[in-house]
Amino acid sequence: MKLTRTRAAITGLLATFAVSGAVSGGLAAGAVQASAAPHAAPAAAPAALPAVDMEATVLAAQIDPRRADDTLTPGAKASVLAVEQALQARNLLDARWVDGYFGTETIAAYAAYQRSLGYSGLAANGLPGATSLTQLGENRYTVTQKIGPGAKVQRNGYTVDGRTQAMLAETERLLGFELVLSQGSYNPGGDPSSAGTHDGGGVVDISVTGMSAATRTSVARALRQVGFAAWVRNPDQGDWPWHIHAAAINDTDLSSQAQHQTGDYYLGLDGLADRGADDGPRVPIHTWEEYQRTH
């Protein structure tokens, strides 16, 4: 009897050990499985916003409205589309004009947007400025290749912007002599024969007193090399003396009339009202910023 109880006790202990082992083994296996489970994948990073190239966009805003067709300005389509989509989202541009072509409808829409920000005059000329372009693109795009006219400065008794001053200084370096202005920028109504081209920034007239025909051409060529649309003007073309007229391409303070001149220059025209063929020296056309990157 005593032996039977002992055997029973041993049997019970063995059963207890078996259950405990199974439980502890199960826990151990669960722990292994839990530690082997893969970690949760990190949340996907938000998609990067598209970039708007300001240089290309401003250039298209000068050239596209002067085209006889809807040819796009090379390298500007994606940027212009992003701007047009943002204008459409603000009910400033009809969907049919959202096409990557910065034509007259887009110019008008952008000017309306500038006015909605409280801008007027040159600040609402339809050319994107760095501040308005950035505000328009909030949560939609980022702005690269930012440009601006810089502060107003005095030169030969006339007002010009800092960007124009730097361009003239580089022109003088190329020529090896100084240039004298006969008209500056920001001169609304100052010379009726200028048809408003000097009302904003980026535009100057250069005196050619004492220059030979060859020197006048050399000056126009050097101005073009650094990023001006420049022509030698003569009395047969209008009510003015001999001079050189120069408009800085991509100056965001250009008056509407000066915008038309720089656009026409890219299209091989002379910048005058009759839109005749360009009669100036031929050089590869580029902006001041493009010139700086290659020199």
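Please refer to the structure higher up on the page.
For the structure given in this document, a descriptive report is provided here. (Residues numbered from 1 in each chain as written. Predicted model: local features only at pLDDT ≥ 70, side-chain atom pairs only at ≥ 80, totals over all residues. Heavy atoms only, no water.)

### A short note on the overall build of the protein chain
So, point 1. Across its full length, the protein chain holds nine helices and eight strands.
So, point 2. In the protein chain, which comprises 295 residues, the proportion classed as buried is 44%.
So, point 3. Of the contacts formed within the protein chain by residues at least 6 apart in sequence, a portion of 58% connects residues at least 24 apart.
So, point 4. For the protein chain, the accessible area works out to roughly 14,900 Å², and carbon and sulfur atoms hold 57% of it. (Helix = DSSP H or I, 4+ residues; strand = E, 2+ residues; numbered from the N terminus. Buried < 20%, exposed > 50% of the residue type's maximum accessible area, 1.4 Å probe, protein only. Contact = heavy atoms within 4.5 Å. Areas by Shrake-Rupley, 256 points an atom, 1.4 Å probe, with all protein chains shown as cover.)

### Things to note about the environment of I249
So, point 1. Take I249: it is sitting in the loop between β8 (243–248) and α8 (256–266).
So, point 2. Given the relative accessible area of 0%, I249 is considered buried.
So, point 3. In sequence terms I249 and Q259 are 10 residues apart; their C-alpha atoms lie 8.1 Å from each other.

### Considerations on the packing of aromatic side chains
So, point 1. As enumerated under the stated definition, the model contains four aromatic pairs in all.
So, point 2. Arranged with centres 5.7 Å apart and planes meeting at 75 degrees, the rings of Y110 and Y113 form a pair that is edge-to-face. One end of the pair, Y110, and the other, Y113, are both in helix α4 (residues 104–116), three residues apart, so they sit about a helical turn from each other. Neither residue differs from the other here; Y110 and Y113 are each classed as buried.
So, point 3. When the centroid spacing of 6.3 Å and the interplanar angle of 75 degrees are considered together, the rings of Y265 and Y266 count as edge-to-face.
So, point 4. For Y266, a relative accessible area of 22% corresponds to the partly exposed category.
So, point 5. Put simply, the rings of W231, Y265 and Y266 touch in pairs and so form one group of aromatic residues.
So, point 6. Over the ring of Y186 we find K152; its NZ or CZ atom is 4.3 Å from the centre of that ring.
So, point 7. Between the NZ or CZ atom of R216 and the centre of the ring of W242, over which it lies, the distance is 4.2 Å. (Phe/Tyr/Trp six-rings, centres within 6.5 Å; stacked < 30°, edge-to-face > 60°. Lys NZ or Arg CZ within 6 Å of the ring centre and 35° of its normal.)

Such coordinate-based values are descriptive only and should not be taken to indicate function.
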